[in-house]
Protein chains: 2
Amino acid sequence: MDKPAAIKPILEQNAFQPGDRLEPATARLVEKRLATLGPTTMLFYRQPLEIVRGEGVWLFDSQGRRYLDAYNNVQVLGHCHPAVVEAVSRQLGQLNIHTRYLDDAIHHYAEQLLASLPVADGRLVLTCTGSEANDLALRLARQWTGRQGVIVSAAAYHGNTERVTEVSPSSYKTGQPPPWVETISLEPLNDPHTDARQWLQQETQRALCALARRGYDCAALLIDSIFSSDGIYADPPGFLQPAVELVRAAGGVLIADEVQPGFGRTGEALWGFVRHDLQPEIVTFGKPMGNGFPVAGLVAQQPMLARLAQQQGYFNTFGGSSAAIAAAQAVWDTLEKEQLQRNAARTGAYFKQQLQQRQQRWPVISQVRGSGLFIGVDLSRADTQTEPDPQLTGRLINALREQGVLIGAAGRHGATLKIRPPLCFNQQHADLFLSHFDTVMSELLAG
Amino acid sequence: MDKPAAIKPILEQNAFQPGDRLEPATARLVEKRLATLGPTTMLFYRQPLEIVRGEGVWLFDSQGRRYLDAYNNVQVLGHCHPAVVEAVSRQLGQLNIHTRYLDDAIHHYAEQLLASLPVADGRLVLTCTGSEANDLALRLARQWTGRQGVIVSAAAYHGNTERVTEVSPSSYKTGQPPPWVETISLEPLNDPHTDARQWLQQETQRALCALARRGYDCAALLIDSIFSSDGIYADPPGFLQPAVELVRAAGGVLIADEVQPGFGRTGEALWGFVRHDLQPEIVTFGKPMGNGFPVAGLVAQQPMLARLAQQQGYFNTFGGSSAAIAAAQAVWDTLEKEQLQRNAARTGAYFKQQLQQRQQRWPVISQVRGSGLFIGVDLSRADTQTEPDPQLTGRLINALREQGVLIGAAGRHGATLKIRPPLCFNQQHADLFLSHFDTVMSELLAG
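The rules we used
- Residues numbered from 1 in each chain as written.
- Chains lettered and ligands numbered in written order.
- Predicted model: local features only at pLDDT ≥ 70, side-chain atom pairs only at ≥ 80, totals over all residues.
- Heavy atoms only, no water.
- Helix = DSSP H or I, 4+ residues; strand = E, 2+ residues; numbered from the N terminus.
- Rg over C-alpha atoms; globule rule 2.2 N^0.38 Å.
- Buried < 20%, exposed > 50% of the residue type's maximum accessible area, 1.4 Å probe, protein only.
- Domains from an automatic or database assignment.
- Contact = heavy atoms within 4.5 Å.
- Buried area = accessible area lost by both parts, 1.4 Å probe.
- Salt bridge = Lys/Arg side-chain N within 4 Å of Asp/Glu carboxyl O.
- Polar contact = N/O pair within 3.5 Å; in protein donor to acceptor, adjacent residues only side chain to side chain.
- Nonpolar A, V, L, I, M, F, W, Y, C, P; charged D, E, K, R; others polar.
- Axes fitted to C-alpha atoms, helices over the stretch in contact; angles between N-to-C directions.
- Parallel < 35°, antiparallel > 145°, perpendicular 65-115°, else oblique.
- Left-handed = near helix turned anticlockwise from the far one by under 90°.

## Some points on the overall build of chain A
A tally of regular secondary structure across chain A gives 13 helices and 15 strands. A compact globule built from 447 residues should have a C-alpha radius of gyration of about 22 Å, and chain A, at 21 Å, falls within 12% of that. Taking the principal axes of its C-alpha atoms as reference, chain A extends roughly 65 × 55 × 45 Å. Buried positions account for 67% of the 447 residues belonging to chain A.

## Section: the domain arrangement of chain A
Residue and element names in this part refer to chain A. On domain assignment, one finds that chain A holds domain 1 (12-77 + 339-446) and domain 2 (82-337). Averaged C-alpha coordinates put domain 1 and domain 2 at centres separated by 26 Å. With 33 residues of domain 1 in contact, the opposing surface of domain 2 contributes 36 residues. In total, domain 1 and domain 2 occlude about 2,600 Å² of area from one another, counting both sides; carbon and sulfur atoms represent 53% of this. By the criterion of area lost to domain 2, the three top residues of domain 1 are Leu77, Gln341 and Phe374, representing 25% of everything that side buries. Inspection of the region where domain 1 meets domain 2 yields 2 salt bridges. In this structure, glutamate 187 engages arginine 412 in a salt bridge whose closest nitrogen and oxygen atoms are separated by 3.0 Å. There are 22 residue pairs in polar contact (both at pLDDT 80 or more) connecting domain 1 and domain 2. Of all the secondary-structure elements, those providing two or more residues to the side of domain 1 that touches domain 2 are helix 11 (340-361), strand 11 (365-371), strand 12 (374-379) and strand 15 (416-419). The element best represented in the side of domain 1 that touches domain 2 is helix 11, accounting for 5 residues. Of the residues belonging to the side of domain 1 that touches domain 2, the class tally is 14 nonpolar, 12 polar and 7 charged.

## With respect to the packing of helix 6 (residues 196-213) of chain B against helix 7 (residues 241-249) of chain B
All names here are of chain B. For the pair helix 6 and helix 7, the least separation of the axes is 7 Å and the interaxial angle reads 25 degrees. It follows from the interaxial angle that helix 6 and helix 7 lie roughly parallel. With respect to the hand of their crossing, helix 6 and helix 7 are arranged in right-handed fashion. Side by side, helix 6 and helix 7 meet where Arg197, Leu200, Gln201, Thr204, Gln205 and Leu208 of the first sit next to Gln241, Pro242, Ala243, Leu246 and Val247 of the second.

As structure tokens, then:
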């Protein structure tokens, strides 16, 4: 298979573009934004939103208008969940300090997290962001294996440090990955006749050979097991196993990036890789870990960390600070108390089924995929019904925003709706989404 | 000058070592820590502390014992400052979301920050950590200049990502910097006969040539203008100017890492580089920016950011989120309201003078350096009075901990006391420190 072309960032379809006509109040804010934050900032929606309040699955704009949030995964318990607000506020008033003093709260949290993971002799390293966790995971894998090659998915996103950007093809606007990176494509899984296990195995074999031809042995397969930015590929469970076996046989390790699928989102298990019955050497965590409070980390096998510690010091000022642990523990406890993983499974199954039922009415919905409350909806051109339609996707996302529903896009072509709400999203919320979806689809496809 | 040898991490002198005899309660916590967090964690002090509460310049352990904090710079306003606790708690209860919606609070903050900086046509990028800010700064400098070489100080620490670790010689336990990194030594400034401007100019010229010999042009001089981990070198103001001119003439840019000297610590100015009358192309921020809430960032010239944005997307999930801005704004306002920069200047001058006066009584105090509330005290062997004495430094730090005073060590040899308290540290606190210091020095040097 040919190397995939550089990917147009998936968000541009539905993002504000200079030149878009704006309401005066919005125009004033956008102007201030460009004058202060400048070129690297991006705003969702052709008419950007000024959000001022959040509660559960709801966001409210400066006009008091309410939006159903079917996009933001960081606030996994729902916006401003009182358990987290109270835990963090209390901790901030008492102590917020780094990890170079003893703190039993961090041990308590780590014990629970480690017990939930199949990593042999695992230890927790707390960082501040998922990017830092993936950056460290790559360093660990490469130091441990003595190899340099890394395999990622074709439209992967793993974070924003320079090293992690190199393994995040979805961040490239120009150019190609460096020679030590090879990508594997998920798109053939759109064809129902594709054997997913076999395809991934074949792709991984090809990737290993491509790395070898360029002089690189494989240090790691780095994957987000729900393939969020590739367009959400979840089924059948287990399809990654032969690929992982190949990487192991070649001397590499598995890094499971749980920044997206972790903490119950995929419904069937707490961790996305568990759906695929995998046993990673390294697992990384991020976004939802603190319901918006910055906390992230990784679990790796003890000897890998010991090897690192012999060569380099590692310390993360904000990683695992008292308030971060308070937030993470509140998220952990609330996920359990409110049975949000079970809700993700139940609501997600209903939601996916309802969306699939709409394929008959609107054949431009070429596929609906996902697990739990992480659902991808492919939109294709009405004439071919197979060619991705990023324009329709962008129009749909902006029209849903006008209706008071927030979602985003994913996939190499930006033609997959990415539905990824807080996990307190229930059946009534799904019905509300579907009702607006039906209205908007009817309008868009009528013209 | 020869390449400096790999540096023994500066903290090991005063850190807990496996094998240290511990009190039973402490031993139990250390055991849990090793079982959960493992090899990369490090604990301050031979008898690690379990800190449970903080207030102003005070930390309290689990036995209710009070410690004067002369070490922790992150809590720049003091531990648990109510202005930050209240601002963050309020914001967490209302909204805490990423920067892809409009938010006037971020513009307001950015306008104030930008107005305080001499960066031409500067724009703010918010990150979560200083490591992420320095990682991005290096990427910007190298993309912009099209060059790869970087010059840093010999014992620099700029953060924990893989790329930033490469420019942080103080993190190396084995090995040497990669060939695109060259270091400059500050230690000759210990000799009062050294002309600091001339030495830095000469060192920088040597570094440029060394890079050139290895095939690298210079992209950036990356410096923390107080040279925190090198051992704190502050005077005379302006000593960096000829070095910066050389780097500019060679086509490189100046990245001022304000993670340590920034936000008023050096007393004479809000930013450390201002003391040296420099005009950096990129300024990075971190630790104190949110008084412990994770928030960091950089300001760079608009065209540099525009170049980056053409090539790669950059987004930071937690960077500039609503709660982070609330924390940063509260810090900004409180620094002004409580005139903490002025306090840093006044208290710091008194403190430094008092320490210098002790050089006569204890000649092992070979030098006292610093600016504002960032003071370095070199300890040397009693017999030579010039050879660094990391053993004495470690014993002193541990003895001060027993007396209820917290400080740390810096410098290539770990023989510089690093005094860097919250900026609400006043003359009474300095006197209390000095009284314990006198007691401990008398005891240590009597034997």
